[in-house]
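Structural overview for review
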Amino acid sequence: MKKMMTFISGVSLLVLAACTNTGPTGTELRQQMRKEIRQEHSAPVPEQGMLQDNAGNEAGTNMNQTNQQPAGDGSSSLMRLQASTPELEDGHEEQVREPAPMSLADLSRKYPSTFVLSGSKGQREVAMTFDDAPDAVFTPLVLDALKKAGVKATFFCVGNRIEAHPDVMRRIVAEGHVVGNHSYSHPNLPKLSDARFREEIQKTDKLIKAYTGYAPSFIRPPYGNITEEQIKWLASQHRRVVNWNVDSLDWKNLNREQVAVNVLAHIGPGAIILQHSGGGVGQDLTGTVQAVPEIVAKLRQDGVRFVTIPGMLGIPQ
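These numbers were taken from a predicted model, which means no experiment stands behind them. (Residues numbered from 1 in each chain as written. Predicted model: local features only at pLDDT ≥ 70, side-chain atom pairs only at ≥ 80, totals over all residues. Heavy atoms only, no water.)

**Here we look at the overall build of the protein**
Along the protein, the regular secondary structure elements total 12 helices and 9 strands. Sorting the 317 residues of the protein into buried and exposed places 58% on the buried side. For the protein, the share of sequence-separated contacts (at least 6 apart) that also reach a separation of at least 24 residues comes to 78%. Accessible surface, the protein as shown: approximately 12900 Å² in total, 50% of it carbon and sulfur. (Helix = DSSP H or I, 4+ residues; strand = E, 2+ residues; numbered from the N terminus. Buried < 20%, exposed > 50% of the residue type's maximum accessible area, 1.4 Å probe, protein only. Contact = heavy atoms within 4.5 Å. Areas by Shrake-Rupley, 256 points an atom, 1.4 Å probe, with all protein chains shown as cover.)

What follows is the structure in structure tokens.
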């Protein structure tokens, strides 16, 4: 089946105005950010996100910065708010992504019933998934965008972030999204002992169950990295490993247009889309938030349905 669509510009966007310093409290800042992102068509979409300062950042220096917006005092306020979210143990995606001893594609072919990269290519449906939730800045904004679009997504949650942001976790569940296990502290799993690996999964299972009433039947390994022995243990526990086949690359602090192109240009039937809804200090997922309505509008125009991971794979939550 040919690809269902290519990127088409001109879809209505959520517009994020420049962030101003509205006060020292997290509640006030989140309210201001929600207000700004709902102001559709009120200002040109910035080429870079709201957290970049005048010097840019390491991830952003390779992108077009001609329309870069100074962050001002709002940047420091946002970074203080981000500091309330536990950092990912082995760092951000760009610090860790590397080939596994056995390629992930090889592992998927060897364990097709346990290690999944996509759904059925015979169904005009896709699953939007968001890693590294919950946080105090971007997860609420992603939830706002999904609610407005009427889409249920799958959030892969990190255990220590669930502990840090119980209110955001409750909102994810209350709004009908599905939760998957993304480990407790976001380590690079192949580096762990068997005992530590199992603890990372089991501890997060208990935390998720406290909010959902069940331990999820599927996990996503941080950075997508996992070993064959770890897959075997998960299979013995009747668990699925769910990675992705469409990577938005939003972890590179991309802008709205770049995120949308990375998704829409590579989408196909049964696609599992990787995006992120939680960042560390200085990480900017503004492009992800802004791209949600564009991605949803274009795919719906092409007759594509949005489903959760359990709905796509026919497995329990």
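Following the structure, the description resumes.
**Comments concerning the pattern of salt bridges**
Enumeration according to the criterion identifies 13 salt bridges in this entry. The closest approach of N and O atoms between Arg196 and Glu89, which form a salt bridge, is 2.6 Å. Of the two residues, Arg196 is situated in helix 8 (residues 194–212) and Glu89 in the loop between helix 2 (72–82) and helix 3 (93–96); the sequence distance between them amounts to 107 residues. For Arg196, a relative accessible area of 27% puts it in the partly exposed group. Accessibility expressed as a relative area gives 38% for Glu89, which makes it partly exposed. The salt bridge partner of Asp205 is Arg239, with a shortest N-O separation of 2.8 Å. Taken as a pair, Asp205 in helix 8 and Arg239 in the loop between helix 9 (228–236) and strand 6 (240–242) lie far apart in primary sequence, 34 residues in all. Judged by relative accessible area, Arg239 falls into the buried class, the value being 11%. One network of salt bridges, in which partners are shared, links Glu89, Arg196 and Glu200. (Salt bridge = Lys/Arg side-chain N within 4 Å of Asp/Glu carboxyl O.)

**Regarding the packing of helix 5 (residues 138–149) against helix 11 (residues 286–301)**
In the contact formed by helix 5 and helix 11, the axes pass within 9 Å of each other and the chain directions differ by 20 degrees. With respect to their mutual orientation, helix 5 and helix 11 come out roughly parallel. Note on packing geometry: the crossing formed by helix 5 with helix 11 is right-handed. Across from Phe138, Leu141, Val142, Ala145, Leu146 and Ala149 in helix 5, the residues of helix 11 making contact are Thr286, Thr288, Val289, Val292, Val296 and Arg300. Classifying every residue of the contact of helix 5 with helix 11 by side-chain character gives 9 nonpolar, 2 polar and 1 charged. (Axes fitted to C-alpha atoms, helices over the stretch in contact; angles between N-to-C directions. Parallel < 35°, antiparallel > 145°, perpendicular 65-115°, else oblique. Left-handed = near helix turned anticlockwise from the far one by under 90°. Nonpolar A, V, L, I, M, F, W, Y, C, P; charged D, E, K, R; others polar.)

**A word on the pairing of strand 4 (residues 178–181)**
The alternating pattern of strand 4 places Val178 and Gly180 and Val179 and Asn181 on opposite faces, both of which are buried. Sheet topology places strand 3 (residues 154–157) next to strand 4; 4 bridges connect them, and they run parallel. Bridge pairing links Phe156 to Gly180 in strand 4. (Pairing = 2+ DSSP bridges.)

**A few points about the packing of aromatic side chains**
Considering all chains together, one arrives at 3 aromatic pairs under this definition. Ring geometry for Phe156 and Phe218: centres 5.7 Å apart, planes at 80 degrees, overall edge-to-face. With Phe156 in strand 3 and Phe218 in strand 5 (residues 218–219), this residue pair connects regions lying 62 residues apart in the sequence. Of the two residues examined, Phe156 and Phe218, each falls in the buried class. Aromatic pair Phe197 and Trp233: ring centres 5.6 Å apart, planes at 80 degrees, arrangement edge-to-face. Of this pair, Phe197 sits in helix 8 while Trp233 sits in helix 9, and the two are 36 residues apart along the sequence. A residue is classified by how much of its surface remains accessible, and Trp233, at 12% relative accessible area, is buried. Over the ring of Tyr184 we find Lys203, and its NZ or CZ is 4.0 Å from the ring centre. (Phe/Tyr/Trp six-rings, centres within 6.5 Å; stacked < 30°, edge-to-face > 60°. Lys NZ or Arg CZ within 6 Å of the ring centre and 35° of its normal.)

**What to know about the confidence of the model for the protein**
Low pLDDT marks stretches whose predicted atomic positions should not be read closely. When pLDDT is averaged along the protein, the result is 82, and 75% of the positions lie at 70 or above. Low pLDDT (under 50) marks residues 1–24, which in the prediction has 80 contacts with non-local residues, meaning those over four places away or in another chain. Contacts of residues 40–71 to residues separated by more than four positions or lying in other chains number 66 contacts, the stretch itself having pLDDT below 50. (pLDDT = per-residue confidence, 0-100.)

**So, the packing of helix 10 (residues 256–264) against helix 11**
The geometry of helix 10 relative to helix 11 is characterised by a closest axis approach of 8 Å and an angle of 40 degrees between their N-to-C directions. The angle between the axes of helix 10 and helix 11 places the two elements in the oblique class. Read as a crossing pair, helix 10 and helix 11 show a hand that is right-handed. Here Arg256, Val259, Ala260, Val263 and Leu264 of helix 10 come into contact with helix 11, specifically with Gly287, Thr288, Gln290, Ala291, Glu294, Ile295, Lys298 and Leu299. A breakdown of the residues in the contact of helix 10 with helix 11 according to their chemical character gives 7 nonpolar, 3 polar and 3 charged.

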